[in-house]
Amino acid sequence: MRPGDLFAAHFLDHRAPGASAQIAEQLREDGLVTLDQLATRNDVLAFSSRIMTMSAHRDSDSDGLTTIRCIPRHAGRPGYAGLGNGELAPHTERSGLPHPPRLMLLVCSQPAESGGECLLSDGLRVHADLLEHQAGEAADVLARPRTAYFGAGDGHPTQVFTPHLDGRVSIRLRLDALARWSPLVLPHLSELQAAALRHQRPVRLVPGQAYLLDNERWLHARTGFDGDRVHLRGLGDPRFVLPRGFMPAPPAFRPTTRPEVLSWA
């Protein structure tokens, strides 16, 4: 294992006896599992169906998987950046839904000629980073209800950090043209983006390799690329108990009781 190798550090053999239970436990603990030996679409479907109840997407194929590659006609269209070849900012998959899918599986079928590297940010570390600065003001403001709106006309009012009754916290984010923000949040956006980028770590996938992440904990991104990069994506909810988000690092997260903010930038 190379120092800082995220793929090696989170790898599990999904073909080993008891692998499904191990995968569930690692997702509960770390929110991330890396995999290999998913060489064909049937392999990906079989694994996805074992781990999650798959949900359809606007761009998914009839089997529920989405083929992620550059489609020139989508270039520049808001909400279609994943089907281009540009870089993607750290984000939550399907952030504009009331309840985004809990799990995302991304499998490499064909890497780009250059670029196209996957980048992951642990929401636990991003949250802890913001708590450490300015007495946690950014983390507090970013948890105020309905201070963000993600998506187009059918999107969803929400917030970046959502505290739960058991003390855990979920993260939800997008930073593209389909994100709108309360004026209270605007002064903290650069701090949030800097923290998300500061904690990004690369995951270098070759054909048949994949990562499976908790979509309420990890943000994912991508560098721009050249060439015919092809990945398969599966989205859905786990077939096992998975607590919401993450347990924040000390100092403890302080849920806000301030009134909802309903104005947008």
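Residues numbered from 1 in each chain as written. Predicted model: local features only at pLDDT ≥ 70, side-chain atom pairs only at ≥ 80, totals over all residues. Heavy atoms only, no water.

Student: Now, about the overall build of the chain: what can you tell me, with residues and values included?
Tutor: When helices and strands are counted, the chain shows six helices and 17 strands. Of all 265 residues assigned to the chain, the portion counted as buried reaches 51%. For the chain, the share of sequence-separated contacts (at least 6 apart) that also reach a separation of at least 24 residues comes to 78%. Here the chain displays about 12,100 Å² of accessible surface, and carbon together with sulfur accounts for 53% of that area. Taken together, the 29 basic and 29 acidic charged side chains of the chain have centroids lying 3 Å from each other. (Helix = DSSP H or I, 4+ residues; strand = E, 2+ residues; numbered from the N terminus. Buried < 20%, exposed > 50% of the residue type's maximum accessible area, 1.4 Å probe, protein only. Contact = heavy atoms within 4.5 Å. Areas by Shrake-Rupley, 256 points an atom, 1.4 Å probe, with all protein chains shown as cover. Lys, Arg positive; Asp, Glu negative; His and termini not counted. Charge placed at Lys NZ, Arg CZ, Asp CG, Glu CD.)

Student: Tell me what's going on with the sheet that holds strand 15 (residues 218–222), and back it up with residues and numbers.
Tutor: Pairing within the open sheet is antiparallel, and its four strands lie in the order 4-15-7-13. At either margin of the open sheet sits one strand with a lone partner, and together these are strand 4 (88–91) and strand 13 (200–203). Strand after strand, the sheet turns through a mean of 25° between neighbouring axes, direction not considered. Bridge count between strand 4 and strand 15: two bridges; the pairing is antiparallel. Looking across to strand 15, one finds that L88 is bridged to R222. The strands touched by helix 6 (residues 189–198) within the sheet are strand 4, strand 7 (118–122), strand 13 and strand 15, with strand 13 carrying the most contacts at an inclination of about 40°. (Pairing = 2+ DSSP bridges. Axes fitted to C-alpha atoms, helices over the stretch in contact; angles between N-to-C directions.)

Student: Give a detailed account of the sheet that holds strand 8 (residues 148–150), specifying residues and quantitative values.
Tutor: Strand order in this open sheet of three strands is 9-8-12, and the pairing throughout is antiparallel. A single partner strand is all that each edge strand has here, and the edge strands are strand 9 (156–158) and strand 12 (179–181). Each strand of the sheet is rotated relative to its neighbour by a mean of 25°, with strand direction disregarded. In this sheet, strand 12 lies alongside strand 8 in antiparallel orientation, the contact comprising three bridges. Bridging across to strand 12, A148 finds its partner in W181.

Student: Account for the pattern of salt bridges, naming residues and giving values.
Tutor: Inspection of the entire model under this criterion finds 14 salt bridges. Across the pair E117 and R204 runs a salt bridge, and its minimum N-O distance is 3.0 Å. Of this pair, E117 sits in the loop between strand 6 (114–115) and strand 7 while R204 sits in the loop between strand 13 and strand 14 (210–214), placing them 87 residues apart in sequence. Note on E117: relative accessible area 24%, which makes it partly exposed. For D140, the salt bridge is made with R144, and the minimal N-O distance between the two is 3.9 Å. (Salt bridge = Lys/Arg side-chain N within 4 Å of Asp/Glu carboxyl O.)

Student: Give me the lowdown on the packing of helix 4 (residues 123–132) against helix 6, citing residues and values where you can.
Tutor: Across the interface, helix 4 lies against helix 6 with an axial gap of 9 Å and an inter-helix angle of 130°. If you check the angle between helix 4 and helix 6, you find them oblique. The way helix 4 lies across helix 6 gives a crossing that is right-handed. Contact residues: V126, D129 and L130 in helix 4; E191, L192, A195, A196 and R198 in helix 6. Of the residues contributing to the contact of helix 4 with helix 6, the split by class is five nonpolar, no polar and three charged. (Parallel < 35°, antiparallel > 145°, perpendicular 65-115°, else oblique. Left-handed = near helix turned anticlockwise from the far one by under 90°. Nonpolar A, V, L, I, M, F, W, Y, C, P; charged D, E, K, R; others polar.)

Student: Give a detailed account of unusual backbone geometry, specifying residues and quantitative values.
Tutor: A positive phi is found at Q37, a non-glycine position, where the angle reads about 60°. Its place among the elements puts Q37 in the loop between strand 1 (32–35) and helix 3 (41–51). Judged by its relative accessible area of 45%, Q37 is partly exposed. A positive phi angle is found at R94, which is not glycine, with a value near 60°. Among the secondary structure elements, R94 is positioned in the loop between strand 4 and strand 5 (103–110). Classification of R94 by relative accessible area gives partly exposed; the value is 25%.

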